[in-house]
Amino acid sequence: MCRHLAYIGSPLPLAELLLTPGHGLLTQSWAPRRQRNGTVNADGFGVGWYAPGDPLPARYRRAIPIWADPSFADVARVTTSRGVLAAVRSASPGMPQAESAAAPFTQGPWLFSHNGRVEGWPDALEGLAASLPTARLLALEAQVDSALLWALVLEQLAAGESAPDALGQVVSSVAAVTGATLNFLLTDGTGIAATTAGDTLFWRNGRGSVVVASEPFDDGPGWHEVPDNSLLTATASHVDVRPIPNLTKEQVVP
Ligand code: GLN
């Protein structure tokens, strides 16, 4: 499974968030400490971030390990942002190893990442896929479970659901039809919504900022572990964690 991270707060260089911490995403790509499934996250990476005065995020993705891209290290040193979502990928069996399959996925102001796997992909999601407008299916970026999950989340957002409700709905509707690990991260640059369903998640806030990450990127104090099957919402000043609604005991994943 992948490792991912979202940040909201005062502007920070991307490198300070992702590359220089002792156990940041760079280190997690070859030596994650808390990952429940998989060993290395070397099948690509992606970073989305917000620049001043622009509500639409910039996105940088590659199909190579994050450690193999010295150009990203250079850019990350001088690029600062107040909102970031990044992921290092371990492709699930049978899924393509391509830049287009690497998180974050994006549309409008949103950045989305999925840490996990849908059992029985793609057949198991046939019914849910059929519920989507054809145009949304045709616009899928890659033949990967995460891209379809993103389309399902987008459909909820388009219907007017809030970010946490959209994530919660998709977790419960997927869990109702198949086994799956569904740790999601979603941000619009001002708030973060996340789910835990089968893998680890932690948060830490301080001095007007919040980080939500698959695992702590340092051994400092202040990290809180999120229980499994939770829905987290966070702004720079407030974090709320509650159970995912409508997830019955039989549906609890994995
Ligand atoms: N299933 C997704 C993929 O193949 C996410 C994988 C993961 O969390 N490792 O990209």
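None of the values given here were measured: they were computed from a predicted structure.

Definitions and cut-offs
- Residues numbered from 1 in each chain as written.
- Predicted model: local features only at pLDDT ≥ 70, side-chain atom pairs only at ≥ 80, totals over all residues.
- Heavy atoms only, no water.
- Helix = DSSP H or I, 4+ residues; strand = E, 2+ residues; numbered from the N terminus.
- Rg over C-alpha atoms; globule rule 2.2 N^0.38 Å.
- Buried < 20%, exposed > 50% of the residue type's maximum accessible area, 1.4 Å probe, protein only.
- Contact = heavy atoms within 4.5 Å.
- Areas by Shrake-Rupley, 256 points an atom, 1.4 Å probe, with all protein chains shown as cover.
- Lys, Arg positive; Asp, Glu negative; His and termini not counted.
- Charge placed at Lys NZ, Arg CZ, Asp CG, Glu CD.
- 1 Å grid on protein atoms, 1.4 Å probe; cavity = no way out; pocket = protein on both sides within 12 Å on 5 of 7 lines; lining within 4 Å.
- Points joined across faces, edges and corners; volume = space filled by probe spheres on them.
- Nonpolar A, V, L, I, M, F, W, Y, C, P; charged D, E, K, R; others polar.
- Salt bridge = Lys/Arg side-chain N within 4 Å of Asp/Glu carboxyl O.
- Pairing = 2+ DSSP bridges.
- Axes fitted to C-alpha atoms, helices over the stretch in contact; angles between N-to-C directions.
- Patch = residues over 30% accessible without salt bridge, like charges linked within 9 Å, V, L, I, M, F, W, Y side chains within 5 Å.

## Re the overall build of the protein
When helices and strands are tallied, the protein shows seven helices and 13 strands. Expected size for 254 residues packed as a compact globule is a radius of gyration near 18 Å; at 17 Å, the protein falls within 12% of this value. Within the span of the protein, comprising 254 residues, buried residues form 54% of the whole. A fraction of 67% describes how many contacts in the protein between residues 6 or more apart in sequence connect residues 24 or more apart. Counting only carbon and sulfur atoms, one obtains 54% of the accessible surface of the protein, whose full area is about 10,300 Å². Taking the average location of the 16 positive side-chain charges in the protein and that of its 23 negative ones, the two points are 5 Å from each other.

## Some details on the layout of surface pockets
Space inside the largest pocket adds up to approximately 260 Å³. Every residue lining the largest pocket is listed: Tyr7, Ser10, Leu12, Glu16, Leu17, Arg204, Asn205, Gly206, Arg207, Ser209, Val211 and Phe217. Sorting the residues of the lining of the largest pocket by element identifies β1 (3-13), α1 (14-18), β9 (202-206) and β10 (209-213) as the ones contributing at least two each. Tallied by class, the residues present in the lining of the largest pocket amount to five nonpolar, four polar and three charged. Estimates place the volume of the second largest pocket at around 150 Å³.

## Quick look at the pattern of salt bridges
On inspection of all chains with the given rule, the structure shows twelve salt bridges. Residue glutamate 225 pairs with arginine 34 through a salt bridge whose shortest N-O separation is 3.5 Å. You can see glutamate 225 sitting in strand β11 (residues 224-225) and its partner arginine 34 sitting in the loop between α2 (25-28) and β2 (45-49), a full 191 residues away along the chain. By relative accessible area, glutamate 225 is classed as partly exposed at 43%. Between glutamate 141 and arginine 61 there is a salt bridge, with its nearest N and O atoms 2.7 Å apart. Pair noted here: glutamate 141 is in the loop between α5 (134-138) and α6 (145-158) and arginine 61 is in strand β3 (residues 58-62), with a separation of 80 residues, a long-range link. The partly exposed category is assigned to glutamate 141, whose relative accessible area is 34%. Judged by its relative accessible area of 9%, arginine 61 falls in the buried class. Residues participating in the shared-partner salt-bridge network are Arg3, Asp199 and Glu215.

## Let's talk about the sheet that holds strand β7 (residues 180-187)
Judged by pairing direction, the sheet is antiparallel, and its six strands sit side by side in the order β5-β6-β7-β8-β12-β13 without closing on themselves. Edge positions in the sheet fall to β5 (105-107) and β13 (239-243), since each has one partner strand and no second. Put simply, the sheet's adjacent strands are angled 15° from each other on average, direction ignored. As paired strands, β7 and strand β8 (residues 192-196) are joined by three bridges and run antiparallel to one another. Of the residues in β8, the one forming a bridge with threonine 187 is isoleucine 192.

## Overview of empty space enclosed by the protein
Taken as a whole, this structure holds one cavity of 30 Å³ or more when the rule is applied. Counted as a void, the largest cavity has a volume near 120 Å³. Taken together, the elements giving at least two residues each to the lining of the largest cavity come down to β6 (110-118) and α6. With three residues, the top contributor of residues to the lining of the largest cavity is β6. In terms of residue class, the lining of the largest cavity is built from nine nonpolar, six polar and two charged.

## A look at a nonpolar patch on the surface
On the surface, a nonpolar cluster with roughly 340 Å² of combined accessible area is contributed by Trp30, Val40 and Trp67. Checked against the element boundaries, tryptophan 67 lands in the loop between β3 and α3 (70-78).

## Some points on the environment of aspartate 240
For aspartate 240, the position within the fold is in strand β13. For aspartate 240, a relative accessible area of 29% gives the class partly exposed. For the pair formed by aspartate 240 and serine 230, sequence separation is ten residues and the distance between their alpha carbons is 10.0 Å. Leaving out residues up to four positions away in the same chain, aspartate 240 has contacts with Leu231, Leu232 and Thr233.

Shape is all these values report; function is a separate question.
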